[in-house]
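A closer look at the structure
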Amino acid sequence: MDVALIIGLTFTGLAVVFAALIILIFCMWVMGAIMKRVTGKQTKSPAQAPKAPAAPQAPAPVVEEGVTGETVAVISAAIAAMLGSDRPVAIRSIKRAKDSRPAWNMAGVTENTRPF
Amino acid sequence: MEIINMFVDTIKNLALESGFAGIDFKTLIMFIISGVLIYLAIGRQFEPLLLLPIAFGMLLTNLPGAEMFHSEFFQGTSIDYGQVLHDGGLLDILYLGVKLGIYPPLIFLGIGAMTDFGPLIANPKSFLLGAAAQAGIFFTFIVAAFLPFYSLQEAGAIAIIGGADGPTAIYVAKTLAPQLLGSIAVAAYSYMALVPVIQPPIMRALTTKKERSVIMEQLRPVSRIEKILFPIIVTLVVSLLVPSAAPLMGMLMLGNIMKESGVVDRLVKTAQNELMNIITIFLGVTVGATATADVFLSFKTLGIIALGLAAFCLGTAAGVLFGKIMYKATGGKVNPLIGSAGVSAVPMAARVSQKVGQKENPANFLLMHAMGPNVAGVIGSAVAAGVLLSVLG
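Being a predicted model, the structure only gives us computed values, none of them experimental.

Conventions adopted
- Residues numbered from 1 in each chain as written.
- Chains lettered and ligands numbered in written order.
- Predicted model: local features only at pLDDT ≥ 70, side-chain atom pairs only at ≥ 80, totals over all residues.
- Heavy atoms only, no water.
- Helix = DSSP H or I, 4+ residues; strand = E, 2+ residues; numbered from the N terminus.
- Rg over C-alpha atoms; globule rule 2.2 N^0.38 Å.
- Buried < 20%, exposed > 50% of the residue type's maximum accessible area, 1.4 Å probe, protein only.
- Lys, Arg positive; Asp, Glu negative; His and termini not counted.
- Charge placed at Lys NZ, Arg CZ, Asp CG, Glu CD.
- Contact = heavy atoms within 4.5 Å.
- Buried area = accessible area lost by both parts, 1.4 Å probe.
- Salt bridge = Lys/Arg side-chain N within 4 Å of Asp/Glu carboxyl O.
- Polar contact = N/O pair within 3.5 Å; in protein donor to acceptor, adjacent residues only side chain to side chain.
- Nonpolar A, V, L, I, M, F, W, Y, C, P; charged D, E, K, R; others polar.
- Patch = residues over 30% accessible without salt bridge, like charges linked within 9 Å, V, L, I, M, F, W, Y side chains within 5 Å.
- Areas by Shrake-Rupley, 256 points an atom, 1.4 Å probe, with all protein chains shown as cover.
- UniProt positions renumbered as here; feature names shortened; annotations may be inferred.

**Considering the overall build of chain B**
On a plain count of helices and strands, chain B comes out with 22 helices and zero strands. Expected size for 393 residues packed as a compact globule is a radius of gyration near 21 Å; at 23 Å, chain B falls within 12% of this value. For chain B, the spread of C-alpha atoms along the principal axes amounts to about 95 × 45 × 40 Å. Here chain B holds 393 residues, and the buried ones make up 56% of them. When the 23 basic and 21 acidic side-chain charges of chain B are each reduced to a single mean position, those positions are 20 Å apart.

**Focus on the interface of chain A and chain B**
In this complex, chain A contributes 26 residues to the contact, which on the side of chain B involves 41 residues. Counting the surface lost from both chain A and chain B, the interface buries some 2,800 Å², and carbon and sulfur atoms represent 91% of this. Summed over the three residues of chain A that lose the most area to chain B, namely Leu 9, Leu 21 and Met 28 of chain A, the buried surface amounts to 20% of that side. At the junction of chain A with chain B, the criterion picks out zero salt bridges. Seen at the junction of chain A and chain B, the total is zero residue pairs in polar contact (both at pLDDT 80 or more). The class makeup of the residues in the side of chain A that touches chain B is 22 nonpolar, three polar and one charged.

**Focus: a nonpolar patch on the surface**
Nonpolar side chains collect at one region of the surface, where Met 1, Ile 4, Phe 7, Val 8 and Ile 11 of chain B lie side by side and expose about 570 Å² of accessible area between them. Within the secondary structure, Ile 11 of chain B sits in helix α1 (residues 2–17).

**Considerations on the UniProt feature "transmembrane region" (unreviewed entry) in chain A**
Those residues carrying the UniProt feature "transmembrane region" (unreviewed entry) are residues 6–34 of chain A in this numbering. Helix makes up 100% of residues 6–34 of chain A and strand 0%, with an end-to-end C-alpha separation of 42 Å.

If you want it as structure tokens, here you go:
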């Protein structure tokens with residue numbers, strides 16, 4: 001029953017756990033600061049450009065029959081979310097994709113051509 | 001006459017060799033205990049993914065005459081692997097994955113592939129709460145080490161139950177106290193299932209209503225690059241500081257970087273599903289198999305059950321108290337309830353923080369904020385395990 005070892009191990013253990021995690025906090029904070037600096041520079045320069053061509057008025061997209069205005073709004077929102085606010089995008093037309101190949105055939109082609 | 005004699009003799013020999021001849025009082029008790037655990041796993045859904053294989057492994061290992069597991073092969077400092085491979089039963093061979101330290105890191109690989117460290121990266125202060133909750137481990141170690149019937153190694157293995165992390169507990173116990181592995185695993189998983197019952201009273205007792213009602217501000221969005229750099233940084237820092245934690249931490253972060261990279265989707269899918277499931281089955285059954293009658297039915301097991309509960313309670317209390325310190329230090333921006341999520345029972349402890357917080361203020365969504373300390377606790381308990389292994393192992 002080595003009392004010194006027991007107490008020593010407890011305090012050492014707590015100290016090491018805290019030390020490791022504090023080092024990690026520091027690393028995360030540094031990483032966060034670097035990321036902010038890098039993305040800050042990127043948003044600063046495009047911030048000048050869009051001021052000039054403010055919201056270009058795009059003509060309404062040519063939409064196939066049967067596609068509701070709600071669907072058009074959803075598709076536009078999805079595209080905007082995917083591309084981010086990098087550049088303004090105008091949607092020219094929305095058409096249904098044709099069923100050129102049955103789904104099973106497509107699945108077979110994908111399976112065979114997927115790179116390992 | 002000869003034929004009848006031979007017939008009777010054969011039956012007599014079969015009867016003597018059958019398991020029924022080998023059953024004694026202790027075996028029956030183990031059957032009943034494993035039956036209770038099976039009921040808890042199936043009927044009450046106590047962490048069934050692990051508790052069911054553990055309970056059934058306990059049943060299998062106590063079958064007299066089946067020779068599926070020989071705990072005597074694995075005792076002592078040097079194991080005769082030739083004997084294990086030659087004379088061992090099915091569970092002996094599968095147990096090699098535990099003894100050689102293969103299964104727990106692979107489970108961590110799967111866990112890393114399922115974990116989102118975003119909330120932690122967005123609010124790195126959560127690391128402190130993850131560290132504070134590991135105090136439960138070390139305070140339990142003091143108590144266990146001062147009790148006369150546990151050696152230092154056994155105390156360390158019992159203390160790690162407070163980390164609330166199954167694979168970590170198994171990884172430590174198989175090195176420090178393999179004879180207690182079965183009891184420790186059963187205790188660890190049972191208490192993890194009981195987190196929603198154990199934590200709330202402690203959380204409410206240590207916080208004021210005002211502290212519980214704190215609404216924390218929205219987490220900042222975390223970029224993909226940060227999520228990819230995080231596993232690399234953590235692996236380097238933790239493994240260089242505490243090399244014995246490298247297998248666990250390395251595999252956890254490998255799983256995570258595979259998930260965040262987005263370029264190895266097939267591997268991530270396997271790690272999350274098939275690999276996790278296979279290793280879980282093997283780990284559960286073999287850990288349960290270590291719970292033979294002679295090691296499980298002893299006062300040490302009762303002590304493990306009591307100390308395990310103490311470890312959970314101390315960890316929760318330490319986390320909440322540190323949360324209060326952070327509340328005061330940040331001028332009321334941190335809700336102390338998320339401190340209890342530093343006990344790394346992911347995601348159960350975070351959900352408990354959410355529920356207790358919602359009782360005070362139904363519009364308070366602490367879940368994402370609590371996930372930060374929750375996953376930080378996984379890292380913290382792995383570091384604590386590394387410290388225990390390097391000093392006591």
